[in-house]
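Structural overview for review
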Amino acid sequence: MPHYDIAIVGAGIVGLAHALAAARRGKRVIVIDRDAQANGASVRNFGFVTVTGQQAGDCWDKARRARDIWAEIVDEAGIDVLQRGLLLAARLDESEAVIDAFLRTPMGEGCERLTIDEARRLAPALRPEAGRFTLYSPHELRIESRTAIPLLARYLEVKYDIEFRRSTAVSAVEPPRIETSTGVIEAETVVVCPGDDFKSLLADRIAAYNVTRCKLQMMRVVPAQRVSLSTAVMSDLGLGRYLGYAELPEATALKARLDREFKPERENGIHLIVTQSEDGSLIVGDSHHYSETPDPFGLERVDRLTLDEMDAVLNLPGRFITERWIGTYASAPNRWRFTDKPSDALRVVVVTAGCGASTAFGIGEETIEDLYGSAA
Ligand SMILES: Cc1cc2nc3c(=O)[nH]c(=O)nc-3n(C[C@H](O)[C@H](O)[C@H](O)COP(=O)(O)OP(=O)(O)OC[C@H]3O[C@@H](n4cnc5c(N)ncnc54)[C@H](O)[C@@H]3O)c2cc1C
């Protein structure tokens, strides 16, 4: 029976991040996933590796480290960085105070307020009235997740000799023994990165974190004439939702106004993110609905609210929609992630907010350091 130093269950970004961190420490790694190809949140997202706006403290720290690791590996892994930075275009008076307060925090370092003319140089389709108060951040990277995740897995296979066992469901883990649908695997240590599957493995331990799921509706929009967005674009609604802004005292007035004047958007957890793919199409979202088992149906009225916000911010005459999809991620009250330790040789790592693409590499390093000690 092949024997590994460490087995990772789950080949989403959280699992791959742990595989990379372990391989960099010289460990013999196997990654096991029940799907034949990546199919979870990690390939359904915006591919928006976000630093600015993440919650102050641990989340922002992990996001900065993760962004640096993405930057280290993209070239070698053959992953294109399609956009850099973030333009948050705000039109409400109350947003100005939030942006200025954010810029005064340590998280505002490197960020700046842009005039509308400066902002439109980065995003010419921006409506002047939508960018009265614009925050620019240089810290973000945008990759195309549906191609980047397979490329990352391939990079791990080729560069680090990591073995991938796909189409294999794991039914029990008690290191060194791992029971799977394709036989028993042995590994000294196991890290379970199950995404939003809370029931297949260690269900009682995961349940202690009061986990639920968050459902998001996403669209791909094609402008009739190609537009250039060199950064991702967000709007006032992002200031009310991303905790790095929304937890600032100055955000209280903005959130009250959003609750009054953007009631349906707030009730459906809508905030605008627009990223651009290589072919010029835009990934547009998103909404947030929480439930243990989210229904699989995309509601037109929810997409309509997101599109109305996009049209208020960007001028895209004749735009049309070519794809719609739903994604789900793990969610838990009052925490954005957890690492559970059932035994010395076993960890369960779950990101419980919509920031796994932005933070997983930082978390992976932390877990591997906890298991094997600090790197020399
Ligand atoms: C629509 C959407 C948009 C988002 N946008 C962003 C964004 O722009 N930026 C950002 O940072 N984050 C974003 N997120 C959040 C981010 O995508 C998630 O936090 C992240 O992908 C979670 O990664 P994961 O590896 O934990 O989960 P997943 O990608 O879901 O992977 C979990 C894997 O575990 C496998 N698995 C589970 N149980 C077993 C088992 N018993 N046996 C074998 N395999 C198993 C599954 O098959 C799956 O492949 C978004 C999420 C969604 C849904």
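Residues numbered from 1 in each chain as written. Predicted model: local features only at pLDDT ≥ 70, side-chain atom pairs only at ≥ 80, totals over all residues. Heavy atoms only, no water.

1. Here's the deal with the overall build of the protein chain
The number of helices and strands found in the protein chain is twelve helices and 18 strands. A globule of 376 residues ought to have a C-alpha radius of gyration of about 21 Å, and the protein chain, at 21 Å, matches this closely. With the principal axes as the frame, the protein chain shows a C-alpha extent of 65 × 40 × 40 Å. A burial count over the protein chain gives 55% of its 376 residues as buried. Relative to all contacts within the protein chain whose residues are 6 or more apart in sequence, the contacts with residues 24 or more apart total 76%. Summed over all atoms, the accessible surface of the protein chain reaches about 15500 Å², with 47% contributed by carbon and sulfur. Averaged over its 45 positive side-chain charges, the protein chain has a centre that lies 1 Å from the centre of its 55 negative ones. (Helix = DSSP H or I, 4+ residues; strand = E, 2+ residues; numbered from the N terminus. Rg over C-alpha atoms; globule rule 2.2 N^0.38 Å. Buried < 20%, exposed > 50% of the residue type's maximum accessible area, 1.4 Å probe, protein only. Contact = heavy atoms within 4.5 Å. Areas by Shrake-Rupley, 256 points an atom, 1.4 Å probe, with all protein chains shown as cover. Lys, Arg positive; Asp, Glu negative; His and termini not counted. Charge placed at Lys NZ, Arg CZ, Asp CG, Glu CD.)

2. Digging into the pattern of salt bridges
In total, this model carries 37 salt bridges according to the counting rule given. Asp58 is paired through a salt bridge with Lys62; the nearest N and O atoms lie 3.1 Å apart. Taken together, the residues span about one helical turn, with Asp58 and Lys62 both in helix α2 (residues 58-77) at a distance of four residues. As a salt-bridge pair, Glu366 and Arg337 come within 2.7 Å of each other at their nearest N and O atoms. With Glu366 in helix α12 (residues 356-372) and Arg337 in strand β17 (residues 337-343), this pair connects stretches of sequence that are 29 residues apart. What makes Glu366 partly exposed here is its relative accessible area of 31%. Connected via shared salt-bridge partners are Arg142, Glu144, Arg146, Arg220 and Glu323. (Salt bridge = Lys/Arg side-chain N within 4 Å of Asp/Glu carboxyl O.)

3. Focus on the site of the ligand
Taken together, 36 residues sit near the ligand, with Asp33, Ser42, Phe48, Gly356 and Ser358 positioned nearest. Within the contact set of the ligand, an oxygen atom lies 3.3 Å away from a backbone nitrogen or oxygen of Ala41. Residue Asn45 places a side-chain N or O atom 2.9 Å away from an oxygen atom belonging to the ligand. Counting only elements with at least two residues in the shell around the ligand, the list comes to α1 (13-24), β11 (212-222), β16 (320-331) and α12. Class assignment of the residues belonging to the shell around the ligand gives a composition of 17 nonpolar, 14 polar and five charged. (Near = heavy atom within 4 Å. Polar contact = N/O pair within 3.5 Å; in protein donor to acceptor, adjacent residues only side chain to side chain. Nonpolar A, V, L, I, M, F, W, Y, C, P; charged D, E, K, R; others polar.)

4. Concerning unusual backbone geometry
Here Pro175 and Pro176 are connected by a cis peptide whose omega angle stands at 10°. Within the secondary structure, Pro176 sits in the loop between β8 (170-174) and β9 (177-180). For the bond running from Gly285 to Asp286, omega is -5°, close enough to zero to count as cis. Residues other than glycine seldom take positive phi values, yet Ser167 does so here, at roughly 50°. Following the sequence through the fold, Ser167 ends up in the loop between β7 (163-165) and β8. Under the relative-accessibility criterion, Ser167 is labelled partly exposed at 43%. Residues other than glycine seldom take positive phi values, yet Asn334 does so here, at roughly 60°. Within the secondary structure, Asn334 sits in the loop between β16 and β17.

5. Section: the environment of Val222
Checked against the element boundaries, Val222 lands in strand β11. With 98 residues separating them along the chain, Val222 and Phe320 place their C-alpha atoms 5.3 Å apart.

6. Overview of the packing of helix α3 (residues 93-104) against helix α9 (residues 251-261)
Two elements in contact, α3 and α9, have axes separated by 8 Å at closest approach and are oriented at 145°. The hand of the α3/α9 crossing is left-handed. Contact residues: Asp93, Glu94, Ser95 and Val98 in α3; Ala251, Ala253, Leu254 and Arg257 in α9. Its residues assigned to classes, the contact of α3 with α9 shows four nonpolar, one polar and three charged. (Axes fitted to C-alpha atoms, helices over the stretch in contact; angles between N-to-C directions. Left-handed = near helix turned anticlockwise from the far one by under 90°.)

7. Some details on α1
For α1, which comprises twelve residues, the first-to-last C-alpha distance of 16 Å matches the rise-based estimate of 16 Å (1.5 Å per residue) to within 8%. For α1, a buried count of eleven out of twelve residues is recorded, marking the element as mostly surrounded by other parts of the structure. Among the residues of α1, those classed as buried are Ile13, Val14, Gly15, Leu16, Ala17, His18, Ala19, Leu20, Ala21, Ala22 and Ala23. The first or second residue beyond α1 is Gly26, which carries a positive phi of 85°. (Expected span 1.5 Å × (residues − 1).)

8. Section: the side chain of Gln54
Checked against the element boundaries, Gln54 lands in the loop between β3 (48-49) and α2. Separated by 3.0 Å, the side chain of Gln54 and the backbone oxygen of Thr50 make a polar contact. The contact partners of Gln54, leaving out residues within four places of it in the chain, are Cys59, Trp60, Ala63, Met107, Tyr242, Gly244, Cys355 and Ser358.

9. Let's talk about the UniProt feature "domain: FAD dependent oxidoreductase" (unreviewed entry) in the protein chain
Mapped onto this numbering, the UniProt entry annotates "domain: FAD dependent oxidoreductase" (unreviewed entry) at residues 5-368. Regarding residues 5-368, the helix share stands at 34% and the strand share at 29%, and the terminal C-alpha atoms are separated by 12 Å. (UniProt positions renumbered as here; feature names shortened; annotations may be inferred.)

10. A word on the pairing of strand β2 (residues 29-32)
The side chains of a regular strand alternate between both faces of the sheet. The alternating pattern of β2 places Val29 and Val31 on one face and Ile30 and Ile32 on the opposite face, and all of these are buried. As paired elements, strand β1 (residues 3-9) and β2 share four bridges and run parallel to each other. From the neighbouring strand, Ala7 faces β2, where its bridge partner is Ile30. After leaving β1, the chain enters α1 and then returns to the sheet as β2, a path that is right-handed. Alignment of β2 against β7, held across three bridges, turns out to be parallel. (Pairing = 2+ DSSP bridges. Right-handed = clockwise from strand over helix to strand, strands pointing away.)

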